[in-house]
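Tertiary structure, described
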Amino acid sequence: MPNYYVNQNPQPDGYHEVHVDDNSCLHPPLYVNRVPLGWHSNCQSAVAAAKQRYILSDGCAYCVPNCHTR
Ligand SMILES: [Zn+2]
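Residue positions are given per chain, counting from 1 as you read along its sequence in written order. Reporting in this predicted model follows two pLDDT cut-offs: at least 70 for local features of residues, and 80 or more for side-chain atom pairs to be given and counted; totals over whole chains, interfaces and linings ignore these cut-offs and use all residues.

A word on the nonpolar core. Nonpolar cores are built from buried Ala, Val, Leu, Ile, Met, Phe, Trp, Tyr and Cys residues. These are joined into a set through C-beta atoms within 7 Å. Counting other C-beta atoms within 10 Å of each residue's C-beta, where C-beta atoms are placed from the backbone, gives the exposure class: buried for 20 or more, exposed for 12 or fewer, partly exposed between. Core analysis: the biggest nonpolar cluster contains 14 residues, and Val18, Leu37, Ala46 and Val64 have the highest contact counts within it. Put simply, DSSP marks the helices as runs of H or I at least four residues long and the strands as runs of E at least two long, and each gets a number from the N terminus on. Of all the secondary-structure elements, those providing two or more residues to this core are strand 1 (3–7), strand 2 (16–20) and helix 1 (43–53). In terms of residue count, the dominant contributor to this core is helix 1 (four residues). Placing C-beta atoms from the backbone, we regard two residues as in contact once those atoms come within 7 Å. With residues near it in sequence (within four places) discarded, Ala46 still touches Tyr4, Val18, Leu37 and His40.

Turning next to helix 1. Three or more residues of helix 1 are buried, namely Cys43, Ala46, Val47 and Ala50. All buried residues of helix 1 lie within an arc of 95° about the axis, which places them on one face of the element. Contact partners of the buried residues in helix 1: strand 1, strand 2, strand 3 (34–39) and strand 4 (57–59). The directions considered for the arc run from the helix axis to the C-beta atoms.

The pairing criterion is simple: DSSP has to find at least two bridges between the two strands. In space, the four strands of this open sheet follow the order 3-1-2-4, with mixed pairing throughout. In the strand order of this sheet, the two ends are held by strand 3 and strand 4, each with one partner. Neighbouring strand axes in the sheet, compared pairwise and without regard to direction, differ in orientation by 30° on average. Examined bridge by bridge, strand 1 and strand 2 share three bridges and lie antiparallel to one another. Paired with Tyr4 across the two strands is Val20, which belongs to strand 2. On the sheet, helix 1 packs against strand 1, strand 2, strand 3 and strand 4 and is oriented at approximately 160° with respect to strand 4. Axes, fitted as lines to C-alpha atoms, cover a helix only where it is in contact. Angles between the N-to-C directions of the axes lie from 0 to 180 degrees.

With that settled, the discussion passes to unusual backbone geometry. Non-glycine residue Asn23 carries a positive phi angle of around 65°. Structurally, the position occupied by Asn23 is in the loop between strand 2 and strand 3.

Right, dumping it as structure tokens:
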């Protein structure tokens, strides 16, 4: 059951990407840009938490593909 974080910097399309904090991501943001989301049992919960901060949030295509929707 991993921790997740969201990139404080949006992608060019305006979305903030949610990543899993287990070093599995091929394209992670810099540490300084990572906003912790805490522990979540699934990516849907993690993205919901990110949306409380950034309404445009989505899963990273590389490390959270099940919640990558765009
Ligand atoms: Zn990622």
